[in-house]
Amino acid sequence: DGGITQSPKYLFRKEGQNVTLSCEQNLNHDAMYWYRQDPGQGLRLIYYSQIVNDFQKGDIAEGYSVSREKKESFPLTVTSAQKNPTAFYLCASSVIRQGPFFGQGTRLTVV
Amino acid sequence: AQTVTQSQPEMSVQEAETVTLSCTYDTSESDYYLFWYKQPPSRQMILVIRQEAYKQQNATENRFSVNFQKAAKSFSLKISDSQLGDAAMYFCAYRSAYGGSQGNLIFGKGTKLSVKP
């Protein structure tokens, strides 16, 4: 089945630690995105990539980093510079004329 | 910059009845796409329906239909014969038809829909 897989589903981070969220898609989509969702809020764009080896900052990129070495993969690293990382993170992929398809999300909690 | 506004934080509907969720947007572009996404308690975002700005005909997907008013910049979602499984957060989203950074989705803050048995 084609789709987007995010892992892990739940992730706990200690203060000062970097953590990496995985996102893999087998839909052959060129574009991939990372969004952050806070309670009672819509989704906000962190980073996006339209093509392999290229990515751009979104609205709230500070404290995050990404890579796009393969078309299928777009991992997100939450660095220690992100002061309030507790949130729900959603990865998506798309072709330009269609709505993005989303993964099931990762819930990140700082402990 | 484009913005999307959902003015109803919460809505409620009786099972089997019809409900309409409102969405307005602001843009200076002429070519774009509009979407409604559903987010059930599992929190996965599910695409419900899609509308292209250049198509005058309103999109329909089974019990879901939209009322797209381009001049008024309005894009409401109608759910007919509401079912218990329709209970979820619903997000309206805008996407430019142009490439680059403008191809990303801009979301409203969502409407929480409850369905009463």
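Bear in mind the structure is a predicted one, so any value in this text is a computation, not a measurement. (Residues numbered from 1 in each chain as written. Chains lettered and ligands numbered in written order. Predicted model: local features only at pLDDT ≥ 70, side-chain atom pairs only at ≥ 80, totals over all residues. Heavy atoms only, no water.)

### As for the overall build of chain A
In plain terms, the rule: A run of DSSP states H or I qualifies as a helix once it reaches four residues; a run of E qualifies as a strand once it reaches two. Both are numbered from the N-terminal end. Throughout, radius of gyration means the C-alpha value; the globule benchmark is 2.2 Å times the number of residues raised to the power 0.38. Relative accessibility under 20% of the residue-type maximum defines a buried residue, over 50% an exposed one, and the middle range a partly exposed one, all with a 1.4 Å probe and only protein chains included. By definition, residues are in contact when any of their heavy atoms lie within 4.5 Å. Positive charge is attributed to Lys and Arg, negative charge to Asp and Glu, and no charge count is given to His or to the chain ends. Note on charges: their place is set at NZ of Lys, CZ of Arg, CG of Asp or CD of Glu.
Check the secondary structure of chain A and you find zero helices and eleven strands. Moving toward the C terminus, one meets the helices and strands of chain A in the order β-β-β-β-β-β-β-β-β-β-β. For 111 residues, the compact-globule estimate of 2.2 N^0.38 gives 13 Å, and chain A sits close to it at 13 Å. Per-residue burial for chain A yields a buried fraction of 48% across its 111 residues. For chain A, long-range pairs separated by at least 24 residues make up 51% of all intrachain contacts whose partners lie at least 6 apart in sequence. Looking at charge distribution, chain A has the averaged site of its 12 positive side-chain charges lying 5 Å from that of its 10 negative ones.

### Structural notes on the interface of chain A and chain B
The line we're drawing: Accessible-area loss on putting two parts together, using a 1.4 Å probe and summing over both, is the definition of buried area adopted here. Here, a salt bridge means any Lys or Arg side-chain nitrogen found within 4 Å of an Asp or Glu carboxyl oxygen. Counted as a polar contact is a pair of N or O atoms within 3.5 Å, where, for protein atoms, one must be capable of donating a hydrogen and the other of accepting one, and residues adjacent in sequence contribute only when both atoms are in side chains.
Listed as interface residues are 23 residues of chain A and, on the opposing side, 21 residues of chain B. Taking both sides of the interface into account, the surface hidden between chain A and chain B amounts to around 1,900 Å²; carbon and sulfur atoms contribute 48%. Taken together, the links from chain A to chain B amount to zero salt bridges. Linking chain A with chain B are nine residue pairs in polar contact (both at pLDDT 80 or more).

### Remarks on the nonpolar core
Residues and elements named next belong to chain B. To be explicit about the condition: Here, nonpolar core refers to any group of buried Ala, Val, Leu, Ile, Met, Phe, Trp, Tyr and Cys residues whose side-chain atoms link them within 4.5 Å.
If you look at the biggest cluster of nonpolar residues, it comprises 25 residues, and the most contacted ones within it are Tyr-25, Trp-36, Phe-75, Leu-77 and Tyr-90. Contributions of two or more residues to this core are made by β3 (19-21), β5 (32-39), β6 (46-52), β8 (64-69), β9 (74-79), β10 (88-96) and β12 (111-116). Element by element, the count of residues in this core is highest for β10, at four residues. Discounting chain neighbours no more than four positions away, the residues touching Phe-75 are Cys-23, Tyr-25, Leu-34, Phe-35, Trp-36, Gln-51, Val-66, Asn-67, Phe-68 and Cys-92.

### Let's talk about the sheet that holds strand β3 (residues 19-25) of chain A
Residues and elements named next belong to chain A. The line we're drawing: Note on pairing: two strands pair once DSSP finds at least 2 bridges between them. Throughout, an axis means a line fitted to C-alpha atoms (over the contacting stretch in the case of helices), and angles, computed between N-to-C directions, take values from 0 to 180 degrees.
One open sheet accounts for four strands, arranged β1-β3-β8-β7; its pairing is antiparallel. The two strands at the open ends of the sheet, each matched to only one other strand, are β1 (4-7) and β7 (64-66). Adjacent strand axes in the sheet meet at a mean angle of 20° when their direction is disregarded. Pairing of β7 with strand β8 (residues 76-78) involves three bridges; the strand directions are antiparallel. For Val-66, the partnering residue across the bridge sits in β8 and is Leu-76.

### With respect to the pattern of salt bridges
Residue and element names in this part refer to chain A. Considering all chains together, one arrives at seven salt bridges over all chains under this definition. For Arg-36, the salt bridge identified is with Asp-38, shortest N-O distance 3.0 Å. Each member of the pair, Arg-36 together with Asp-38, is buried. For Asp-38, a relative accessible area of 12% puts it in the buried group. A single network of salt bridges, built from pairs that share partners, joins Arg-36, Asp-38 and Arg-44.

### With respect to the pairing of strand β2 (residues 10-13) of chain A
Residue and element names in this part refer to chain A. Judged by which residues are buried, β2 turns out to be one-sided: Leu-11 and Arg-13 face inward and are buried, whereas Tyr-10 and Phe-12, on the alternate face, are not. Here β2 runs beside strand β11 (residues 106-110); their pairing, made up of four bridges, is parallel. Bridge pairing links Arg-13 to Val-110 in β11.

### Some words on the side chain of Thr-106 of chain A
All names here are of chain A. Position of Thr-106 among the secondary structure elements: in strand β11. Here Thr-106 falls in the buried class, since its relative accessible area comes to 0%. Among the polar contacts made by the side chain of Thr-106, one reaches the main-chain carbonyl oxygen of Pro-8 at a distance of 2.6 Å.

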